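What follows is the residue order along each chain.
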Amino acid sequence: QIGDLAEALDYMYKQLDVAQRIGDQRRAANAHNNLGNIYFEFADYNRAIETFQHNLRLAGEIDDGRIICLSIANLSQVHLLAGDGSKALENGLYALRVCREMWFGLFEAYALDLIGKSYGALCTPEQEIPYLEQALALSTRLESKVVEPLVLLSLGEVYRDMQQLDRALECLRQAVSF
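Reading the values: rules and limits
Throughout this description, residue numbers start from 1 for each chain and increase along the sequence as written. It should be noted that, the model being predicted, local features are given only for residues of pLDDT at least 70 and side-chain atom pairs only at 80 or more, the latter also being counted only at that level, while totals for whole chains, interfaces and linings use all residues. Side-chain descriptors were evaluated using all non-hydrogen atoms of the structure, hydrogens and water having been removed beforehand. The term salt bridge refers to a side-chain nitrogen of Lys or Arg lying within 4 Å of a carboxyl oxygen of Asp or Glu. Here a helix means four or more residues in a row that DSSP labels H or I, a strand means two or more in a row labelled E, and each is numbered from the N terminus. For each residue, the accessible area found with a 1.4 Å probe, counting protein chains only, is set against the maximum for its type, and the residue is called buried under 20%, exposed over 50%, and partly exposed in between. The patches reported here contain residues having more than 30% relative accessible area and no salt bridge. Joining distances are 9 Å for like charges and 5 Å for nonpolar side chains (Val, Leu, Ile, Met, Phe, Trp, Tyr). Surface accessibility follows the Shrake-Rupley procedure with a 1.4 Å probe radius. Residue values consider only the protein chains on display as shielding. Lines are fitted to the C-alpha atoms to define the axes, a helix being fitted only along its stretch in contact, and any angle between axes, read from their N-to-C directions, falls within 0 to 180 degrees. Geometric relationships in this document are graded by angle, where less than 35 degrees denotes roughly parallel, more than 145 denotes roughly antiparallel, 65 to 115 denotes roughly perpendicular, and other angles denote oblique. Helix crossings get a hand from a simple test, with the near helix turned counterclockwise from the far one by less than a right angle marking a left-handed crossing and a clockwise turn marking a right-handed one. The contact criterion used is simple: two residues touch if any of their non-hydrogen atoms lie within 4.5 Å. Residues are grouped as follows: Ala, Val, Leu, Ile, Met, Phe, Trp, Tyr, Cys and Pro are nonpolar; Asp, Glu, Lys and Arg are charged; every other residue, Gly included, is polar. Helix span is expected to be 1.5 Å times the residue number reduced by one.

**Q** Sorry, what's going on with the pattern of salt bridges here?
**A** Close approach of charged atoms allows side chains with opposite charge to pair. All told, the structure shown has nine salt bridges when counted by the stated rule. Between Arg97 and Glu101 there is a salt bridge, with its nearest N and O atoms 3.1 Å apart. Here Arg97 pairs with Glu101, and both are found in helix H5 (residues 85-102), just four residues apart, close to one helical turn. Judged by relative accessible area, Arg97 falls into the partly exposed class, the value being 44%. Under the relative-accessibility criterion, Glu101 is labelled exposed at 51%. Between Asp161 and Arg160 there is a salt bridge, with the nearest N and O atoms lying 3.0 Å from each other. Using a relative accessible area of 55% as the deciding quantity, one classes Asp161 as exposed. Look at Arg160 and you get partly exposed, because its relative accessible area is 44%.

This is how it looks when you write it as structure tokens:
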């Protein structure tokens, strides 16, 4: 963790208050997204889920596709780490559909990664790997220096778990080369 989460939480509530007072719904949505991430870091998964769901409703009201995609993907991530692979998969597939409809390539790669990880959480590596490979191909094509190494790390972990150590090592080497 970097920084003081309690201080960040206080700052985000101040940002939210200002955004609401001036009627700036996009900034309010960004503050909600940040609040959800802070709750996530505190491992307060229920509150993070509530915050991301609220943010998704708000993003729909203001018709902001970027915030919609991000909110759905964040819901998938929280459910994944909270141990609910089914809900993570459901939100990941929803995020993928929305991201593709709105042509958000980087969020699409993130959604593919989350879907793969969700299948992994559901103990189905035969479905996990194709999604992670799609995420890797897309993030490579988009030249994402953030998503690409994260997907490589995910693939490395899957191959390690499958005892395919040479493939795992190659993925991890590529990931750390960024």
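**Q** What's the story with a nonpolar patch on the surface in this structure? I'm lost.
**A** A cluster of nonpolar side chains, Val146, Leu150, Leu153 and Leu172, forms an exposed patch at the surface whose accessible area comes to about 330 Å². With respect to the helices and strands, Leu153 occurs in helix H8 (residues 147-161). The class of Leu153 is partly exposed, set by a relative accessible area of 35%.

**Q** Looking at this structure, how should I read the packing of helix H6 (residues 105-121) against H8?
**A** Each pair of packed helices can be summarised by the angle the axes make with each other and by the distance between the axes. The N-to-C vectors of H6 and H8 enclose an angle of 10 degrees; their axes lie 11 Å apart at closest approach. In terms of axis orientation, H6 runs roughly parallel to H8. Considering the relative orientation of H6 and H8, their crossing is left-handed. Between H6, through Leu106, Ala109, Tyr110, Asp113 and Lys117, and H8, the contact on the second element is made entirely by Val147, Val151 and Ser154. For the contact of H6 with H8, the class distribution of residues is five nonpolar, one polar and two charged.

**Q** Hey, could you run me through helix H7 (residues 125-141) in this one?
**A** Each α-helix winds once per 3.6 residues, and so residues spaced three or four apart point in a common direction. For H7, which comprises 17 residues, the first-to-last C-alpha distance of 24 Å matches the rise-based estimate of 24 Å (1.5 Å per residue) to within 8%. Three or more residues of H7 are buried, namely Glu128, Ile129, Leu132, Ala135, Leu136, Leu138 and Ser139. Looking at the buried side of H7, the elements it contacts are H6 and H8. Positioned one or two residues after H7, Glu143 has a phi angle of 55 degrees, which is positive.

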